[in-house]
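# Observations on the three-dimensional arrangement
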Amino acid sequence: MRAGATDFIFKPISQKELALRLRSIFDRGDSISEGNGTGDDLRLLKAIADGLLILNTDETVRVVNERFTSVYGYREDQIRDAPVNRIIATDDLVSITGFRPNFEKHSLAGMTVSFLASDGTRIPTLVSGSAIRDAAGELTGFTLIVRDNRATQEILVHESRAVAAERDRISGLEEIRDDLKRKAIVLEEQTKAALKATENAL
C-alpha cells in the first residue's frame, strides 16, 4: 500500500481504484478509527478532499474521515458504529432502503442524499461509492465518498431565477410588441376611414 498510497488524491478518482486502495484500510478499520493505523493509511484518510464513510455490511459506520466530521459537525465517536441512516433525513428514500440495493450490481455515482448535520440542518449531498469485497469475492462493506452539494444547488437556484427573470422580460417585450401591432392596425384602419371620408366629401 505504501507505493502510490495517496497519488490518486491528485487525479480523478476511479471508484474501483478507490475501493481497492481502501480495502486494506477497511480490514483494519477499527484500529484506524482509533488513530493506530499505518502512516500511509492515516495520511490517505486525512488527505481525501471529500467526506469518507466506510460502512460494514449492516451499514453501520466503521470508518469516518476528518473531512466528513468537520463539514457535518459531528465528533467521530458520535458516528462510529452507528447506523448510517441515523444521519440521513428520515424522508429520504435511502433512510428506508439503505445503500446496499444500489451496490448489488453496480457502483454508485452522483446520487443525491439528504444528510443531516449535527444541528439537524439538511445538507444535500452527492454520494458515490463502491462495494468492498475480499479476495474471495465476499462482500465486506461499502465505501462512500460524500460531497456537500449546497453551493452547487445555490448556483442552480440562482441560475433558475435568472432564467425565469429573463423569460418574464421577454414575455413582457412580446406583450408590448403585440400591443403596438394592435395599435398600428387600429391607426391604419382609422387613417383609411378618414381618407375615405375625405374622398366622399370631395
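All figures in this text were calculated on a predicted structure; none of them were measured in a lab.

On to the environment of Ser70, then. Mapping Ser70 onto the fold places it in helix H4 (residues 66-72). With 47 residues separating them along the chain, Ser70 and Ala117 place their C-alpha atoms 10.0 Å apart.

Here we take up the nonpolar core. One broad trend across soluble globular proteins is that nonpolar side chains are buried collectively. Leu53, Phe68, Phe99 and Phe115 are the most contacted members of the largest nonpolar core, which totals 23 residues. Of all the elements in the fold, those that place two or more residues in this core are strand E1 (51-55), strand E2 (61-64), H4, strand E3 (108-116), strand E4 (122-133) and strand E5 (139-148). Beyond its immediate sequence surroundings of up to four residues, Phe68 is in contact with Gly51, Leu52, Leu53, Gly73, Tyr74, Ile79, Ile87, Phe115 and Val146. With six residues, the next largest nonpolar core counts Leu52, Ile54, Val63 and Ile132 among its residues.

Together, Leu173, Ile176 and Leu180 give the surface a local cluster of nonpolar side chains, amounting to about 300 Å² of exposed area. Accessibility expressed as a relative area gives 54% for Leu180, which makes it exposed.

Any aromatic ring pair is given by two values, namely how distant the centres are and how the planes are angled relative to each other. Under the criterion given, the structure shown has three aromatic pairs. Ring centres of Phe68 and Tyr72 lie 4.4 Å apart, and the angle between their planes is 20°; this geometry places the pair in the stacked category. Here the residue Phe68 and the residue Tyr72 both occupy positions in helix H4, the gap between them amounting to four residues, near one helical turn. Here Phe68 matches Tyr72 in class, with each residue buried. Taken together, a centroid distance of 6.0 Å and an interplanar angle of 75° make the contact between Phe68 and Phe115 edge-to-face. Residue Phe68 is found in helix H4, and its partner Phe115 is found in strand E3; the two are separated by 47 residues along the sequence. A network of ring pairs unites the aromatic residues Phe68, Tyr72 and Phe115 as a single cluster.

Parameters and conventions
Residues numbered from 1 in each chain as written. Predicted model: local features only at pLDDT ≥ 70, side-chain atom pairs only at ≥ 80, totals over all residues. Heavy atoms only, no water. Helix = DSSP H or I, 4+ residues; strand = E, 2+ residues; numbered from the N terminus. Core = buried A, V, L, I, M, F, W, Y, C linked by side-chain atoms within 4.5 Å. Buried < 20%, exposed > 50% of the residue type's maximum accessible area, 1.4 Å probe, protein only. Contact = heavy atoms within 4.5 Å. Patch = residues over 30% accessible without salt bridge, like charges linked within 9 Å, V, L, I, M, F, W, Y side chains within 5 Å. Areas by Shrake-Rupley, 256 points an atom, 1.4 Å probe, with all protein chains shown as cover. Salt bridge = Lys/Arg side-chain N within 4 Å of Asp/Glu carboxyl O. Phe/Tyr/Trp six-rings, centres within 6.5 Å; stacked < 30°, edge-to-face > 60°.

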